[in-house]
Amino acid sequence: MNVDDDPAALDDLRRLGVRLVPAVVVGDRAVHGWNPPAYAALLGVEYTPAATLPPAELAARLDRILESAQQLLGLVPERLMDWRPPERDRPLRDLGHHVFRLALAFVDGMDLGEFPEGWLQERAPADLHDGAAIARYGALVRGRISGWFEGASAREFERVIRVYYGPQSGHELLERTTWHAGQHLRQLYVLAGRLGITPPVPLPTDAFEGLPLPESIW
């Protein structure tokens, strides 16, 4: 159901404790986001997930994805920053900011032990007025994340974080963060093509290998 066309559908989700879309609902039970193991449990079917990439590999993949987003967004002129694609009512400015904010949220969540949904709903600050400004923000985020990984021990990823959609280990949260950023990078490349912007580097599809990305980019 399209919650933009039918706001009552979003109210139904909220009554089930789900405040963000997408979600899958069966009766009075719901699963938030792209979560195949939880879908299987919801439907009562068997599911064997693929092996999760090790944290060091996920960290490297995440940085590659963010680097590509940083390079691409740096080319977006200010006049296009408020353009909204038909697939989702979100301006390009907010989508670009979101890619980096969701990655920074991983570090924030690991530091605080909790991950509230509000972090993923933040809009781009007013001073991020063009693509170059968002790219500079992205560079700062990449530096912060890189420093965190340098100081993290292997046991850090075994910790359980209170995430808004349910408890997750640090390893699970890192995998979700990596493919989440990768999904938005795929979207950014498609949108750049529509706007006549040539990406400085090809989409790093090899960075997506082994990640549980959905087939559709929307």
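Structure: above.
Parameters and conventions
Residues numbered from 1 in each chain as written. Predicted model: local features only at pLDDT ≥ 70, side-chain atom pairs only at ≥ 80, totals over all residues. Heavy atoms only, no water. Pairing = 2+ DSSP bridges. Helix = DSSP H or I, 4+ residues; strand = E, 2+ residues; numbered from the N terminus. Contact = heavy atoms within 4.5 Å. Axes fitted to C-alpha atoms, helices over the stretch in contact; angles between N-to-C directions. Patch = residues over 30% accessible without salt bridge, like charges linked within 9 Å, V, L, I, M, F, W, Y side chains within 5 Å. Areas by Shrake-Rupley, 256 points an atom, 1.4 Å probe, with all protein chains shown as cover. Salt bridge = Lys/Arg side-chain N within 4 Å of Asp/Glu carboxyl O. Buried < 20%, exposed > 50% of the residue type's maximum accessible area, 1.4 Å probe, protein only. Phe/Tyr/Trp six-rings, centres within 6.5 Å; stacked < 30°, edge-to-face > 60°. Lys NZ or Arg CZ within 6 Å of the ring centre and 35° of its normal.

### Digging into the pairing of strand β2 (residues 29–32)
Note on strand geometry: in a regular strand, side chains alternate between the two faces of the sheet. Looking at chain direction, strand β1 (residues 23–26) and β2 are connected through four bridges and run antiparallel. Along β2, the bridge assignment pairs A23 with H32.

### Side note on the sheet that holds strand β4 (residues 160–163)
Note on sheets: strands pair through backbone hydrogen bonds, and any given pair is parallel or antiparallel. Spatial strand order, β3-β4-β5: three strands in an open sheet with mixed pairing. Each edge of the sheet is formed by a strand with only one pairing partner; in this case those strands are β3 (114–115) and β5 (166–169). Inspection of the sheet shows β4 paired to β5 by four bridges, in the antiparallel sense. From the neighbouring strand, R162 faces β5, where its bridge partner is P167. Along the sheet, helix α6 (residues 170–194) makes contact with β3, β4 and β5, crossing β5 at roughly 95 degrees.

### Some details on a nonpolar patch on the surface
A surface patch of nonpolar side chains, about 310 Å² in accessible area, is lined by V24, V26, L43 and V45. In this fold, V24 is placed in strand β1.

### Here's the deal with the pattern of salt bridges
All told, the structure shown has 14 salt bridges when counted by the stated rule. In this structure, R101 and E122 form a salt bridge, with 2.8 Å as the shortest nitrogen-oxygen distance. Placement of the pair is R101 in helix α4 (residues 92–112) and E122 in the loop between β3 and α5 (131–151), with a sequence separation of 21 residues. Between R159 and E156 there is a salt bridge, with its nearest N and O atoms 2.7 Å apart. Relative accessible area serves as the criterion here: at 29%, R159 is assigned to the partly exposed category. One network of salt bridges, in which partners are shared, links R101, D108 and E122.

### Description of the packing of aromatic side chains
The full count for this structure, using the stated rule, is nine aromatic pairs. Residues F100 and Y137 carry aromatic rings whose centres are separated by 6.3 Å and whose planes lie at 90 degrees to one another, so their mutual orientation is edge-to-face. Within this pair, whereas F100 is found in helix α4, its partner Y137 is found in helix α5, the two being separated by 37 residues in sequence. Owing to a relative accessible area of 0%, F100 belongs among the buried residues under this scheme. Centroid distance F149 to F157: 6.3 Å. Interplanar angle 15 degrees. Geometry classified as stacked. Stacked on the ring of Y165, the Lys or Arg R176 has its end atom at 4.0 Å from the ring centre.

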